[in-house]
Amino acid sequence: MTAEGLKERAERARAAADAAGQGHVFDNWASLSDGDKERLLAELEPLDYSYLSRVFASSMASPSSSFEGVEPATDVLRLADVTPAQAAEWAQHGYRLIAEGRVAVLLLAGGQGTRLGSSAPKGCYDIGLPSHKSLFQLQAERLLRLQALAAHANGTPAAAIKPLKWLVMTSAFTHAETLAHFEAHGYFGLAREQVVFFQQGFLPAFTEQGKLILDTPCSLAKAPDGNGGVYLSLARSGVLDALAAAGVEALDCYCVDNALARLGDPRFVGYCHGVARADVGARVVAKAHPEEKVGVFARRRADPSDPASPSSLAVLEYSELNPQLASATDPATGRLFFNWSNICMHYFSLPWLKKIAAELLAGGGSPYHVARKKIPSVSGPVAGVKLELFIFDTFGMAAASTALVEVERSSEFGPVKNAPGSASDSPDTARAALLALGARWVEAAGGKVEGGQGVEVSPLCSYGGEGLEQLVGGKVLQGPLAPELQQPAQD
């Protein structure tokens, strides 16, 4: 860029910063090289100062979390109350939505595997299965099998249905490596155009007075805006508009670190879309024990002093529940009062997503969480504020259009969060859960698994235990890697 062009850009950026009361970001301008000036402008020019000001003010003014008017969520569809006929009807509706291109799958994949001892994206992680498939590969193959099942359920050739869109939200830390992983593995057999990558956003760090903090003379201190940033990222990237134009009506959402995630589950999607007509849905599991570190679903009354006032869906983080409340049980059922865990497996209607994104872009809606901490800056550590939005923070804006559905923990929730060797939520526990699930599928299909380790069933072979009778009926398999269960299903 010419010196004149750089000067013009700087004048515009400085005027915008000055008008917003953030002119101090240019304090080091005179000492910067042309390259550093370019870097600073690249960070400042995209900023919407008005939006940042509104978000900071509303978040700082938001009262701290209170349990006043909060009650346990009891409106959960229990598995015990669902008949096989109902489940089949919901699944058929879900398959029809998938085959007609009216559903897309949303993957939250912005995290690195730091706690797992890896700097790579979590989705690239190998949990130690006999096949050594990464989490991304397991999930891509489930999606391929789901497409085939949807085609079969609708009596349509697989090549005739619309490819199921897979929306993958990465971050600045994982984007390049995630794309490289997909490229290196030929998109795991998926059509390249059905996988849509977009990046999670950042928010700058602020002082307590709302001033932007410079990390270096030519860069802002900033942090990811939380998994709730998915709403704005979907809108700003143009993905929401593209989905609407393509006729997509709903998204099924999950996190990359769930090794058992049944992405696009037609039974769940079919129920939320066709029966509950929900704006927001969530799959839930019963808490394993009172101290389990998971958020729980609750209902928050609009007027805490009025028991008859309407309530909205909320998630209480495990750190918000004191031990007495977390362990309190309902005498009538024997279950925990706050029993239903949030496993980040959600359903969203597309119109609701567009509405929420618009409200957040306007600086309204749910305030961000405020994290006060020492933040490195060009002049040394300063007392600062980082803002973060969680994906469930907006659920209260869904009014009554919500649906909570119980699923089996052992079949659908295998979190990979802690280091190998940890007693819970580790690659070891997730691997054991997946192999045990495979063994249960084989036994239900009339087979038997020896060896005591379970067996790995390729997602290309079976999505949820279906279609195994002819492969394993009457057979004794030597686990954990039986050749019969590694090939694509022949429907």
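Residues take numbers from 1 onward in each chain, read along the sequence in its written order. Local features in this predicted model are restricted to residues whose pLDDT is 70 or higher, and side-chain atom pairs enter the listing and the counts only when it is 80 or higher, whereas totals over whole chains, interfaces and linings include all residues. Based on all heavy atoms of the structure, the side-chain values leave hydrogens and waters out of the count.

Here is the rule we go by: UniProt positions are given in the numbering used here, feature names are shortened, and annotations may be inferred rather than shown by experiment.
The name that an unreviewed UniProt entry assigns to the protein is UDP-N-acetylglucosamine diphosphorylase, with the source organism given as Edaphochlamys debaryana. In its Catalytic activity (unreviewed entry) section, UniProt records this for the protein: "N-acetyl-alpha-D-glucosamine 1-phosphate + UTP + H(+) = UDP-N-acetyl-alpha-D-glucosamine + diphosphate". Recorded in UniProt for the protein, the comment headed Sequence similarities (unreviewed entry) runs: "Belongs to the UDPGP type 1 family."

A closer look at the overall build of the protein
Worth spelling out the cut-off: Secondary structure elements follow DSSP: runs of H or I of four or more residues count as helices, runs of E of two or more count as strands, with numbering from the N terminus. Partly exposed residues are those whose accessible area sits between 20% and 50% of the maximum for their type, while under 20% is buried and over 50% is exposed, using a 1.4 Å probe and protein chains only. What makes two residues a contact is simply this: any of their non-hydrogen atoms within 4.5 Å. Only the protein chains shown count as covering a residue, and every accessible area follows the Shrake-Rupley method with a 1.4 Å probe. Positive charges are assigned to Lys and Arg, negative charges to Asp and Glu, while His and the chain termini are left out of the count. For the purpose of locating charges, the reference atoms are NZ of Lys, CZ of Arg, CG of Asp and CD of Glu.
The number of helices and strands found in the protein is 14 helices and 20 strands. The principal-axis extents of the C-alpha atoms in the protein amount to approximately 80 × 60 × 45 Å. Put simply, the protein has 491 residues, and 50% of those count as buried. Sequence-distant contacts, at least 24 apart, represent 74% of the contacts inside the protein between residues at least 6 apart. Put simply, the protein shows about 20900 Å² of open surface, and 53% of that area lies on carbon and sulfur atoms. Side-chain charges of the protein comprise 43 positive and 53 negative groups, with the mean position of each set lying 1 Å from the other.

Things to note about unusual backbone geometry
Residue proline 480 is reached from glycine 479 by a cis peptide bond, and omega for that bond is 5°. Looking at the secondary structure, you find proline 480 in the segment after strand 20 (476-478). Not every positive phi belongs to a glycine, and tyrosine 187 is a case in point at roughly 55°. Relative to the helices and strands, tyrosine 187 resides in the loop between helix 6 (175-184) and strand 5 (195-199). Positive phi is not limited to glycine here, since phenylalanine 188 has a value of about 60°.

Observations concerning the packing of aromatic side chains
The cut-off we apply is this: Here a Phe, Tyr or Trp ring, Trp counted by its six-membered ring, pairs with any other such ring whose centre lies within 6.5 Å, and the pair is stacked when the planes are under 30 degrees apart, edge-to-face when over 60, and tilted otherwise. Note on criteria: charge over ring means Lys NZ or Arg CZ within 6 Å of the ring centre, with the direction from the centre no more than 35 degrees off the ring normal.
Evaluation of the coordinates by the stated rule reveals 16 aromatic pairs. On the numbers, 5.4 Å between centres and 55° between planes, the contact of phenylalanine 26 with tryptophan 29 is tilted. Accessibility assignment for this pair places phenylalanine 26 and tryptophan 29 in one class, buried. One aromatic cluster is present, formed by Phe136, Trp166, Phe182, Tyr187, Phe188 and Phe197 through successive ring pairs. Looking at arginine 236, its charged tip hangs above the ring of tyrosine 51, at a distance of 5.3 Å from the centre.

Digging into helix 13 (residues 427-444)
Short version of the rule: Here, expected helix span is obtained from the residue count minus one, scaled by 1.5 Å.
Counted at 1.5 Å a residue, the expected span for helix 13 with its 18 residues is 26 Å, and the 26 Å between its end C-alpha atoms agrees. For helix 13, the set of buried residues is Pro427, Ala430, Leu434, Leu435, Leu437, Gly438, Ala439, Trp441 and Val442. Buried residues along helix 13 sit in contact with helix 5 (135-153), helix 12 (409-412), strand 19 (448-450), helix 14 (469-472) and strand 20. Remark: glycine 446 follows helix 13 within two positions and exhibits a positive phi of approximately 95°.

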